[in-house]
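Observations on the model geometry
The lines below spell out each chain.
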Amino acid sequence: MRRLLYALALVVLASQAAAMTLAGYIATLERIQSLVNAQQYAAARAAAQPLHGQSIDSPKGKFQADETIVAALAAGKRVDPRFPTRLAATISELRADGGAAAVRDPDMTLVDKIDKEQSAPPPAADGEVALGDSDRLIKIGTAIQDVFDRIGKLLEDFFDWLGSFWPESSPDKEKKHTSIRGIVIAIAIVILVVIAILAWNALRRGRRASPELASSVAAVPSARDEDPLSRASTEWEQYAAQLAAAGRFREAIRAWYHAVLVTLYGASILHFRKGRTNWEYVAALSPSLPWRSRFIALTRRFEYEWYGESESSPEAFDDCSHEARAILGAVARPVRGAA
């Protein structure tokens, strides 16, 4: 009988501990934040372990603890430099919203701004179009030629002024005047020839460098890479292929994940909100969606590769690209690729 009472007591305690309060969740995150700021990563990892699979009670309903916090601290002594900022943003949002974030309509102003940035600039009011590199060099060379022509004219006038102080009866005055003018003209011609040679060499180097520049675009990090709305879905797919070709599989996996997010934004299945975590997007998906399990698997793999690893393998990239293509094939893509 005593054993039965103990068992019932344990069941009651387990049911009471099944959900963490919102205040307790925020306090745990603040404890992890202070340990990370103090570079006590082992203690921070131990403090984050109870959040694995933990349910949180809030005034707006229950939601799951952010699994990415546990994953980000799983690497031991290595923590992503962006993790403290992301953790602070999560704490701030929980304090402000008082629980799970409400779903809002997409920011159409932001989308319109990105659309304009990605479109080609229209011609100017006077009908002029943007100059290419070669046209710009020619225009600069012409301006420099005009400057040197003016300098030559000023030098010629200066020497004429100096010649005015010579005696009028000098028999070789006209000869000296002609000689000075010839020197000035010769200097101007030499300068123009040097400018023409430099411009020609610059054009040849520009032509040779353009293919190398085009092939190395994927190797240059960009501030746009962190924002899913900075590219359309098809652009993220192309960027993922370029990153994978350069051996940057970890960033290529993120590009595939952003392609999926942008497609879901465009289909109004998910709604963009700055600061929202990936697992909150998972919670916002309807359980009736047939590809929801694939999105959960893709999110779990992306979180592990991006926050738990410094480098990703080609096999991890292949797995993520397979899941992403399956989701994109199941969702009707919008015309513009973003919303």
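Here goes a summary of the coordinates provided. Worth saying up front: this structure is predicted, and the values here are computed from it rather than measured.

Each value, and the rule that gives it
Residues numbered from 1 in each chain as written. Predicted model: local features only at pLDDT ≥ 70, side-chain atom pairs only at ≥ 80, totals over all residues. Heavy atoms only, no water. Phe/Tyr/Trp six-rings, centres within 6.5 Å; stacked < 30°, edge-to-face > 60°. Helix = DSSP H or I, 4+ residues; strand = E, 2+ residues; numbered from the N terminus. Buried < 20%, exposed > 50% of the residue type's maximum accessible area, 1.4 Å probe, protein only. Lys NZ or Arg CZ within 6 Å of the ring centre and 35° of its normal. Core = buried A, V, L, I, M, F, W, Y, C linked by side-chain atoms within 4.5 Å. Contact = heavy atoms within 4.5 Å. Pairing = 2+ DSSP bridges. Axes fitted to C-alpha atoms, helices over the stretch in contact; angles between N-to-C directions.

**A short note on the packing of aromatic side chains**
This structure, assessed with the given rule, holds nine aromatic pairs. Look at phenylalanine 302 and tryptophan 306: their rings are 6.4 Å apart centre to centre, the planes differ by 15°, and that puts the pair in the stacked class. In this pair, phenylalanine 302 and tryptophan 306 are both assigned in helix H12 (residues 292-308), four residues apart and thus about one turn of the helix distant. Each member of the pair, phenylalanine 302 as well as tryptophan 306, carries the same accessibility label: buried. Geometrically, the ring pair formed by phenylalanine 302 and tyrosine 307 is edge-to-face, given 6.4 Å between the ring centres and 70° between the ring planes. Its relative accessible area of 16% is what places tyrosine 307 among the buried residues. Every member of this aromatic cluster is reached through a ring pair, and the members are Tyr257, Phe295, Phe302, Trp306 and Tyr307. Looking at arginine 231, its charged tip hangs above the ring of tryptophan 236, at a distance of 4.8 Å from the centre.

**Topic: unusual backbone geometry**
Residue glutamine 39 is not a glycine yet carries a positive backbone phi of 60°. With respect to the helices and strands, glutamine 39 occurs in the loop between helix H2 (22-37) and helix H3 (41-48). Phi angles above zero are rare outside glycine, and serine 268 is one such case at about 60°. Within the secondary structure, serine 268 is located in the loop between helix H10 (249-266) and helix H11 (278-284). Judged by its relative accessible area of 48%, serine 268 is partly exposed.

**Things to note about the environment of arginine 45**
Relative to the elements of secondary structure, arginine 45 occurs in helix H3. Sequence separation between arginine 45 and alanine 74 is 29 residues, and the spatial gap between their C-alpha atoms is 6.7 Å.

**Some points on the nonpolar core**
Among the nonpolar cores identified, the biggest contains 61 residues, and Tyr25, Ile32, Ile69 and Phe295 are the most heavily contacted of them. Top element by residues in this core is H10. It accounts for twelve residues. For isoleucine 32, the contacting residues outside a window of four places in its chain are Ala44, Ala47, Ala48, Leu51, Ile69, Leu73 and Leu87.

**Here's the deal with the sheet that holds strand S3 (residues 63-64)**
The strand order across the open sheet formed by three strands is S1-S2-S3, and the pairing between neighbours is mixed. Edge positions in the sheet fall to strand S1 (19-21) and S3, since each has one partner strand and no second. Bridging between S1 and strand S2 (residues 55-57) involves three bridges; their strand directions are parallel. When the sheet's bridge partners are listed, alanine 19 is paired in S2 with serine 55. Against the sheet, H2 touches S1, S2 and S3, its axis set at about 80° to S1.

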